[in-house]
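# Notes for the structure review
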Amino acid sequence: MNRTSFRKLLAPSVAVLALSISLTACGAGNESSADTGSDSSSETSGGLSGDLNGAGASSQEKAQGAWATGFQGMNDGNVTVNYDPVGSGDGRTNFIEGGTSFAGSDSYLTDDEGELSGAKERCAGQDPIEVPAYVSPIAVAFNVEGVDALNLDADTIAMIFDNKITNWNDKAIADQNPDATLPDLAITPVHRSDDSGTTKNFTDYLGKASTSWSYEAEDAFPVKGGEAAEGTSGVVAAISGGKGTIGYADESQVGDLSVVSVKVGEEYVAPSAEGAAKVVETSPAAEGRADVDMAVDIDRTTTESGAYPVVLLSYLIACQTYEDQAEADLVKGYLSYIVSDEGQQAASQEAGSAPLSSSVAEKAQSIVDAITAG
């Protein structure tokens, strides 16, 4: 879905077409991104009430479903959380343009295309909040009959997605998998067609961990050819429905597809929440960020045993201050639940993500707790 079409979904006449998360349907039916009617700011015996609208990373889809269910339950069903998994790029755009109260993004805001400045302008001149919410491995999944698992190093993965290795029995693959029966079959690489933080994280890994990838890390996949599919679910469907296909997607959503174990140091490591968390914990904070911005530069070249560097760290983006008290209360309450132990465990159980470490969660909570109206 492109940015224009999603913005149209925010209009009242077509709000019913928006995607559904958990028990709710997504669609901001007017210019306000939270329901600010006369009853929306009132607190009931269960807590808050009203509608809260967000959009962004499709990798967060399962987790957002769990978070929405948990938060709605905490508030006696008087809150409706709508999250549209349109992809990180469109999610950031719609937040910046005021169409949603918060965004989910698999890559942090930068000013490469003016997004960081745009978010600051949307937030009345204040630095936008960016807190980590979701840590998960990106699986390199494939569908080759008779092959249940593969070991691949970063250079081989890079050459496959750059259309330089085009057959499954290529020597570079065979040498790393002497026990596998590799067919004489063309490789069909599958990539995201939409702007995606998953793509940016995946291409960042290829650029930093291999010597065979010459492209910058971008939300848009940089190589022509192969097969393009929209969203995480689209990529998974294309891999599953194809023959000789290989693609990248949040590990929580690849289902029964076979996955690649990636070479890290002298060992091959399968995707796991534990391996992803290990990489995030040892990665440095991004330089030059505001106090309310917890952006991290993932260490893709780690050689630590058990670490899995093909990982995404997905963020929640919001404002420090909202004009409307009801919107501020809902954003603060929901984000606070997400970074809490309860929220992180809900995502872990539903989506297989790695819970935030206690130090990261504590800092995120302090940032979120300061959200206010003004």
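For the structure given in this document, a descriptive report is provided here. (Residues numbered from 1 in each chain as written. Predicted model: local features only at pLDDT ≥ 70, side-chain atom pairs only at ≥ 80, totals over all residues. Heavy atoms only, no water.)

### Details of the pattern of salt bridges
- According to the stated counting rule, one finds 10 salt bridges in the structure shown.
- Its salt-bridge partner being K208, residue D204 comes within 3.2 Å of it at the nearest N-O pair. Here D204 and its partner K208 are both found in helix α7 (residues 197–209), 4 residues apart, which amounts to about one turn of the helix.
- The class of D204 is buried, set by a relative accessible area of 16%.
- Exposure remark for K208: the relative accessible area of 42% places this residue in the partly exposed category.
- D293 is the partner of R289 in a salt bridge, and the nearest nitrogen-oxygen pair spans 2.9 Å.
- Classification of D293 by relative accessible area gives buried; the value is 8%.
- When salt bridges that share partners are traced, they join R92, E115 and D219 into one network. (Salt bridge = Lys/Arg side-chain N within 4 Å of Asp/Glu carboxyl O. Helix = DSSP H or I, 4+ residues; strand = E, 2+ residues; numbered from the N terminus. Buried < 20%, exposed > 50% of the residue type's maximum accessible area, 1.4 Å probe, protein only.)

### Let's talk about the packing of helix α3 (residues 88–96) against helix α4 (residues 115–122)
- In the contact formed by α3 and α4, the axes pass within 8 Å of each other and the chain directions differ by 35°. Residues G89, R92, T93, F95 and I96 of α3 lie in contact with α4, whose contacting residues are E115, G118, A119 and R122. (Axes fitted to C-alpha atoms, helices over the stretch in contact; angles between N-to-C directions. Contact = heavy atoms within 4.5 Å.)

### Let's talk about helix α2 (residues 61–74)
- The end-to-end C-alpha distance of α2 is 20 Å, a good match for the 20 Å that 14 residues give at a rise of 1.5 Å each.
- Looking only at α2, the buried set comprises A63, Q64, G65, A66, W67, A68, G70, F71 and Q72.
- One or two residues past the end of α2 sits D76, with phi positive at roughly 55°. (Expected span 1.5 Å × (residues − 1).)

### Looking at the nonpolar core
- Core analysis: the largest hydrophobic core is formed by 94 residues, its most contacted members being W67, I157, F161, W168, I173 and Y334.
- When near neighbours in sequence (up to four residues on either side) are disregarded, W168 contacts F142, V144, L150, I173, L182, P183, L185, A186, I187, G244, T245 and I246.
- In terms of nonpolar packing, the next biggest core, distinct from the first, is built from 11 residues, V236, A238, V254 and L257 among them. (Core = buried A, V, L, I, M, F, W, Y, C linked by side-chain atoms within 4.5 Å.)

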